[in-house]
Amino acid sequence: METVRKVLLIGSGGIKIAEAAEFDYSGSQALKALKGEGITTILVNPNIATIQTTHLLADRVYLTPITVEYLEKIIEREQPDGIMVGFGGQSALSAGVQLYRKGVLDKYGVKVLGTPIEGIEAALTRSIFRETMLKAGLPVPPSKPANSIKEAVAAADEVGYPVIVRVSFNLGGRGSFVAYRREELEAKLTRAFSHSIVGNVLVEKYLEKWKEIEYEVMRDRAGNMVAVACLENIDPMGVHTGESLVVAPSQTLTDSEYQTLRSASFGVASAIKLVGECNVQLALQQMTGEYYVIETNPRMSRSSALASKATGYPLAYIAAKLCLGYLLDELLNMITGSTTAFFEPSLDYVVLKAPRWDLDKFWPRDEILGSEMMSIGEVMAIGRNMEEVYQKAFRMLDIGVLGLVDNDTFTPEDLSAVMERLKQFRPYWLRDVAKALYLGATIDQISSITGVDKFFLKPVEKIVNIAKLIRKADSLKQESREVLFREALKAGFTAEQIAAISGKRYEEVKEAFRTNGWNPWLKNIDTLAGEKPAVTNYSYTTYSGMTHDVLSQGPDGLLLVLGAGCFRIGVSVEFDWGTVNIYKNLKEMGKRAAIINYNPETVSTDWDIVDFLINSELTPEAIQDIASIQSCGGVIISSAGQIGNNVAEELDRRGVPILGSQPSSVGRAENRSKFSKLLEELGIKQPRWATVTDLARLPKIAEEVGYPVILRPSYILSGTSVFIAYDEDELKDLMGKLSRHTDKPVVVSHFIEDAVEAEVDCISDGSEVLMLPMDHVEYAGVHSGDATISIPPYRTSERTLAKIAEYTGLIANALQVKGPFNIQYLVKDGEVYVIECNLRCSRSMPFSSKVYNIDLLGYGTRCILGERLSLTDDRLEEISDRVFAPLQLIWGVKSPQFSWAQIRGSYPFLGPEMRSTGEVAALGLEFHEALLKSWLSATPNTIPPKDTPILIYPDSQRTTPRLKSVAEVLREAGYEVLTLEESPIPGVPEIRGETAVKAIRMRRIGMLISSGYIPQIDYDVRRAAVDHNIPVILNAELALEISKALKRLSDETLKLTVMELGELWEINRQRILPLLLERRRDTEVLK
Amino acid sequence: MDECLDGLVKRIAGAYVAALALEDGTFIVGKGFGALGERNGEVVFSTAMNGYTESLTDPSYVGQILILTYPLIGNYGVPPDFESDGIKIEALVVSQATEPSHPRSMKSLSDWLKENSVPGIMDVDTRMLVQQIREMGVMGGAVQVAESLEDISREKLIRKAREVDYDSLVFEYSAYKEPTIFNEGKSSTIVVVDYGVKDGIINRLMGLGYRVVVVPGRLGSDAVFSYNPKGIVISNGPGNPANMHHAIRLVKEVIESGTPTLGVCLGHQLIALALGAETYKMKYGHRGINKACRDLVTGKRVITLQNHGYAVSEESLSGTGLKPWFVDCDDGTIEGLIHESLPVISVQFHPEGRPGPRDANYVFEFFEKMVRRNGDS
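Draft legend 1. Quick look at the overall build of chain B. On a plain count of helices and strands, chain B comes out with 10 helices and 19 strands. Computed over C-alpha atoms, the radius of gyration of chain B comes to 21 Å, within 12% of the 21 Å expected from 2.2 N^0.38 for 377 residues, which places it in the range of a compact globule. Here the C-alpha coordinates of chain B stretch approximately 85 × 45 × 40 Å along the principal axes. Intrachain contacts of chain B at a sequence separation of at least 6 include 74% that bridge at least 24 residues.

Set out below in structure tokens:
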């Protein structure tokens, strides 16, 4: 056993494509495992929205960039004796390797717990990996390493086309690609080289259409191993596993194939001296029985999170214990409580993971799926057959479909067009398979063009056949109709879907099903297929059953807390933080509650944290089904993001009680007309606006509202299809795009330029309000999810804040808010306007709660349950009638994390639509310190070296003066600045776009600063910058503040401190103490 | 037109109906597949998620109706991965029998069952059945597949389920009717005493370079020794070992001969009985390919295939010279024995896998070493 007392755990930073909340889950599990051993834990992770960055899990929390520089300072301060690098994705692993290589770990005597660094390097460096595998007698695809484009081309000639080029130390296959010809290879190589920190690639034989199989292997220090799960990719080799439909357990492997690959996976784990967990990817050709080992990740991964949730085996928790030196059979299987962790789960259900993409938000859109990951989230459907999980997954994706098939499937289309689309994998391609089958294609045809095993296509055919009959259900005999509907339910159809397909009313269909007793059954996930009694709390619903597994029963109704579903742009780990926090508070209040959610990446779907977890769709029908099985005491929608708001009214209508703010209030805040009326009654201003349903009237309405105008459809979250038009010409350009949303009215509102955007995160009981204010560095026009946000407000005056507080109080009262809410304000020339109000948890709540050190959702949960707010914190000041805000004298800044590099070819720009994928934050003793540390925490931001010039250019006349002053500040800071000849800043040396691109490729540009949307001028320049990991700032106000901070840094008037979260809170306390004493004196005098 | 639509619904729903009756009176209707007809047997379940061709052809399942807990069975059709000449189970119970897709598949699961006259029932809640068996213990059952529900009599089927008395039957089964020689030409001979041997065991021994002679157990010890074996393997097979007096006597003679002996599954139980230990019937047995065992000799942990409804009682070991070699990590069941002084070893699990992991293959190597050592002395 390792005898460590203090362990440093590295997190994964801001959520980006290929590094998402799965690391919050695995890190949280590891922290829990360490805590259980009495070990002090130090967590380094700037992702403030995570659940792990609290003192509940970690003893010490550092919100700092994950770089060697910061990690070394933390190690020096904290003197840990152990480090865990396998729980924070590739970011943590790379940081760990660098700490080791630079001798930091040696210097401070920090032991690497788990897989030794040599093993990690053997797994991550392609050439060493290959050598290690061959030495262990394991087959790897023919390949050759290359250190230059020339070498790579020669290697490809030797290996033979097609080839896949793999990049070392990459994330989500970034930079990897397939090439069928030499020209293609050469064109793609430049980018590949820019993404590798070691600068080598591997040119490998491309195993086109081979099966892709993945094993999750646990290995202890004595070499005992288990394969916890075998995952099978439905789409064959060539599509990144993060982009794939993945099924567990494997469906099409014979036992001999399964065991051969399992043994090979064990061989891989042994060869890299694994201690903990790894995944092993293999390619299999069933015709010949040939197979190859593709790669391994000696760390927790997206698949290991999926495997945990799919099997009920807590991989991260057990892996952490193995790192401490436990043997597998010394650890208990927590689900059964009677078996050990030396065990391979047996599933009696089918699990399907389906990715969620948000490529619509990016331009230009390139939606061909390949060896790079572009998906942003995923769902996990559980059922008893393939049909069921396909249909569930497509509903869970929340992409506006009723299942794998719905009436869209039956809209006429040319079969050849559909088949043409199927030649390459695209998001949600399985719906195209359904369509093709409906239009008469055969399974053989589809299998031969896609390479997808027919086993996975047959269920689609069955679904299509059932759907076709449902359309003609009226012509069936009563008996046949009943048989058909029962088959349909088992094949994953819902009453809503059947109603839509057959043209019936939902209520009628559902009522008939209920009368027949056709309700879903709740089945438990217990890791051992029912073989032994297991006290489990993890369930799913299915129509393939005859009984419920034993359900927990209690005197009060069960409270159902809805999760936020799959992550997408605009809904991410911050909502999971809300779900988990509300749940935790309910538990502390002694309530019996369950979480319904299906996102395998999250902490909220960790059955170990939750007393009762249900994997189910978050549709009104599914929630109501569960509510009726479970004698429900109420549904909590506050942390379910937009899903919660969308189901609230429907559930309410069907008599399922909603706790907290009532659906009518939610609707009143969401519906612009109703909300506008309310504001009018309250005498609160908002920007002029109008609704247009007839697009032809748009120019006239825009004229009335006043240019510039902002256009958006109703019920949005992340700003999908929000556009700004400065004049009529621009408006007419946009009208084409808007026609895609004709089903919903378009809201046209006046866009107030250069306005400060302020937000408040609040809790109310309908009478008092707890308000946490903040404001944006960027002026209005940048989506709040993409904005840099400051606490305390940086630009907002005290007088304005009082006004905001007053308005907030009025709105909370009028809407009878019970629980969390958020209001966004615009401030221009001392006037305060309301732009949006959401009666639920907001994106910024983890940030505001942690910076202000106020348990927002502790108060929130009590209010949801109808209790009084009862504020106790002595830092709270009543700044308006019954509106309280805390005193705050330290700073916190939240920065967006973008994934431009991962979204192949997308043009990086900021606007009223959200495009960031995550967020990071830092605290500091002053604004610029917090700002700079926060900005540096987002990848790939770094402080540009003084010897490389900064490229800075405006998008229009409007921003030129502002960027000019940025350029001046940067010059004062000692930087050379260059501007773009095609869009210059007067007085700054100019270079041509082409030259800029070349300079960027050679890393001769340290940072790019621009603004607005000018792809016709600088597409290549911006794209080159993000492809080459060069920091990019796309907003003038942010650029100005960052450059000021850089200047102060070089003047040495700014210090970037490294302090633990609790220490910072303590400093805040010390700083406000004199104010508190003064206030107390005043009160006493009054008495 | 309507008639035709109704026909399409029928096609989706399946042509046959089926029912499963249990001796406790449970009667469940599902869809039928495989062969028409009626079979009874002891109802057991396995949690193996793949390897159904190997399981169905495992002679140890003779006399048993098998429930597979994984809901989709038949996905890769029927590749020629058999453990004997055909299906050995009495009937199959699954959630869904699927259509095959695999380049090595010869036919669908349903067609294969039909060829072997084995009825199958699907569209039943297998998890519920497993829980029932887990609580009540294994019990008799009967499955009937018919063209229409009217052809199935509930009372008759339950009666048929109650007729099953697996525990008192004397099986002394053999997979091979006559002595059969494999790897002819190799010098060193291992005799496998066949009480229902899995081909995987024969294969393993062949892989070690032995001439392997499979001798049906009923032929007695003379037949066994007539091949001048360097080592003897007592095979797996169906039935209650305590009833198999003839076999126990044979095994005793084998042990007394001093020939290195390996017992597998039933063979392990017979060795224990022959040396005076006792066996007992387990409530619902160990059937799956994810069973964790601890090797008490090396300290190694292995995941194994297990398929046993009886086990050797630990308390009865004293005085027999037998010591636990493997134990089940979860419930402590004796999963292997090693003799203090005699060249006798046995495992309750299946070290050959098929289906299941190959982690415990080394048991055969251990046996080989024992044979070699014995030959040297």
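From this point, the discussion proceeds with the structure in view.
Draft legend 2. Representation of the sheet that holds strand β9 (residues 201-205) of chain A in the model. Residue and element names in this part refer to chain A. Spatially, the four strands line up as an open sheet ordered β6-β9-β7-β8, and their pairing is antiparallel. Whereas interior strands pair on both sides, the edge strands pair on one side only; in this sheet they are β6 (143-146) and β8 (177-179). This sheet shows a mean twist of 25 degrees between the axes of neighbouring strands, independent of strand direction.

Draft legend 3. Seen up close, the packing of helix α13 (residues 415-422) of chain A against helix α14 (residues 429-438) of chain A. Residue and element names in this part refer to chain A. With their axes 10 Å apart at the nearest point, α13 and α14 run at an angle of 150 degrees to one another. Here α13 lies roughly antiparallel to α14, going by the angle between them. Once α13 is placed against α14, the crossing between them reads as left-handed. Between α13, through Leu415, Val418, Met419, Arg421 and Leu422, and α14, the contact on the second element is made entirely by Trp429, Asp432, Val433, Lys435 and Ala436. Considering only residue class, the contact of α13 with α14 consists of seven nonpolar, no polar and three charged.

Draft legend 4. Focus on unusual backbone geometry. Residues and elements named next belong to chain A. Note the cis peptide between Ala248 and Pro249, where omega equals -5 degrees. Here Pro249 is to be found in the loop between β12 (246-248) and α9 (255-271). The omega torsion across Trp363 and Pro364 is -10 degrees, close enough to zero to call that bond cis. Summarising the element assignment, Pro364 is placed in the loop between β15 (350-356) and β16 (377-383). Phi is positive for Ala18, which is not a glycine, with a value near 85 degrees. Residue position: Ala18 is located in the loop between β1 (6-10) and α1 (22-35). Positive phi, normally seen in glycine, also occurs at Thr527, with a value near 70 degrees. Tracing the sequence through the fold places Thr527 in the loop between β17 (521-524) and β18 (538-542). In this structure Thr527 comes out as buried when scored by C-beta crowding, with 26 C-beta atoms within 10 Å.

Draft legend 5. Main features of the pairing of strand β27 (residues 746-750) of chain A. All names here are of chain A. The buried fraction of β27 amounts to four of the five residues, a majority that puts the element mostly inside the structure. Bridge count for strand β24 (residues 689-692) against β27 is four bridges, and the pairing is antiparallel. Across the sheet, the residue bridging to Ala690 is Val748, located in β27.

Draft legend 6. Summary view of helix α12 (residues 386-396) of chain A. Residues and elements named next belong to chain A. When you tally the buried positions in α12, you get 11 out of 11 residues, the bulk of the element. Taken residue by residue, α12 has Met386, Glu387, Glu388, Val389, Tyr390, Gln391, Lys392, Ala393, Phe394, Arg395 and Met396 as its buried positions. Here the buried face of α12 lies against β15, β16, α14, α16 (454-471), α17 (478-490) and β18.

Draft legend 7. Quick look at the domain arrangement of chain B. All names here are of chain B. The assigned domain composition of chain B is domain 1 (15-168) and domain 2 (180-376). Taking the mean C-alpha position of each, domain 1 and domain 2 sit 28 Å from one another. On the side of domain 2, 25 residues touch domain 1, which itself brings 24 residues to the contact. If you list the elements that add at least two residues to the side of domain 1 that touches domain 2, you get β3 (37-46), α2 (52-56) and α4 (126-136). For the side of domain 1 that touches domain 2, the element with the highest residue contribution is β3, accounting for three residues. Among the residues forming the side of domain 1 that touches domain 2, the class breakdown is nine nonpolar, 10 polar and five charged.

Draft legend 8. Region of interest: the environment of Glu314 of chain B. Residues and elements named next belong to chain B. Inspection of the secondary structure assignment puts Glu314 in the loop between β16 (301-312) and β17 (322-328). Glu314 gets classed as partly exposed once you count the C-beta atoms within 10 Å, which come to 14. Each C-alpha atom, one on Glu314 and one on Glu278, is 8.4 Å from the other, the two residues being 36 residues apart in sequence. Residues contacting Glu314, with those up to four places away along its chain left out, are Pro324 and Ile334.

Quick notes on the rules
Residues numbered from 1 in each chain as written. Chains lettered and ligands numbered in written order. Predicted model: local features only at pLDDT ≥ 70, side-chain atom pairs only at ≥ 80, totals over all residues. Helix = DSSP H or I, 4+ residues; strand = E, 2+ residues; numbered from the N terminus. Rg over C-alpha atoms; globule rule 2.2 N^0.38 Å. Contact = placed C-beta atoms within 7 Å. Pairing = 2+ DSSP bridges. Axes fitted to C-alpha atoms, helices over the stretch in contact; angles between N-to-C directions. Parallel < 35°, antiparallel > 145°, perpendicular 65-115°, else oblique. Left-handed = near helix turned anticlockwise from the far one by under 90°. Nonpolar A, V, L, I, M, F, W, Y, C, P; charged D, E, K, R; others polar. Buried ≥ 20, exposed ≤ 12 C-beta atoms within 10 Å, placed from the backbone. Domains from an automatic or database assignment.

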